[in-house]
Amino acid sequence: MKYLLLINAGAVDGNGVNTGCTVEDWIAYDKEVRDAGIFVCGESLADLVTATTVRVGSDGQRIVTDGPFAETREVLGGFYVIDVPDLDAALDWAARCPGAWGDGSVVIRPVAEFGA
């Protein structure tokens, strides 16, 4: 079954880097996921200042705003999609993810499959 691991960084420094782990931690985790044969896809997102938010008003007009401006202390940093047997396995991989360390968190969502 495929699961999305949505990585939310907690505390970040002035450069937008998660203060709870290092680049080496991420390289090691990425290698583990790939070597285990469960990697489907994944990406790290660009700096938060490059984000753009789109909303559509009740009049149908598009409203574009620079930045995410979410009311949260966490920052969406990236994601993995993994293919594992069940939720317990997904929980194990999420707990190993550097993004879950310290103030960070990893949200696990099953990927919906709509037929072949």
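Residues numbered from 1 in each chain as written. Predicted model: local features only at pLDDT ≥ 70, side-chain atom pairs only at ≥ 80, totals over all residues. Heavy atoms only, no water.

Draft legend 1. The arrangement of the environment of glycine 10 in detail. Within the element layout of this structure, glycine 10 appears in the loop between β1 (2–9) and α1 (23–35). Take glycine 10: its relative accessible area is 11%, and that puts it in the buried class. The spatial distance from the C-alpha of glycine 10 to the C-alpha of serine 105 is 7.2 Å, given a sequence separation of 95 residues. (Helix = DSSP H or I, 4+ residues; strand = E, 2+ residues; numbered from the N terminus. Buried < 20%, exposed > 50% of the residue type's maximum accessible area, 1.4 Å probe, protein only.)

Draft legend 2. A look at the nonpolar core. Residues Leu5, Tyr29, Val33, Tyr80, Ile82, Val84 and Trp93 are the most contacted members of the largest nonpolar core, which totals 15 residues. If you list the elements that add at least two residues to this core, you get β1, α1, β5 (75–83) and α2 (87–96). The element best represented in this core is α2, accounting for four residues. Residue contacts for isoleucine 82: discarding those within four places in its chain leaves Met1, Lys2, Tyr3, Leu5, Val33, Ile38, Val40, Ala90 and Trp93. (Core = buried A, V, L, I, M, F, W, Y, C linked by side-chain atoms within 4.5 Å. Contact = heavy atoms within 4.5 Å.)

Draft legend 3. Summary view of the environment of valine 49. Within the secondary structure, valine 49 sits in the loop between β2 (39–44) and β3 (52–56). For valine 49, a relative accessible area of 72% corresponds to the exposed category. Sequence-wise, valine 49 and glycine 67 are 18 residues apart; in three dimensions their C-alpha atoms are separated by 5.9 Å.

Draft legend 4. The arrangement of the sheet that holds β1 in detail. Across the sheet, which stays open at both edges, the four strands sit in the order β2-β5-β1-β6 with antiparallel pairing between neighbours. At either margin of the open sheet sits one strand with a lone partner, and together these are β2 and β6 (105–110). Mean inter-strand twist for the sheet, computed between neighbouring axes without regard to direction, equals 20°. In this structure, β2 lies alongside β5, joined through five bridges in antiparallel fashion. Of the residues in β5, the one forming a bridge with glycine 42 is tyrosine 80. (Pairing = 2+ DSSP bridges. Axes fitted to C-alpha atoms, helices over the stretch in contact; angles between N-to-C directions.)

By themselves, these are just geometric observations and shouldn't be taken as functional.
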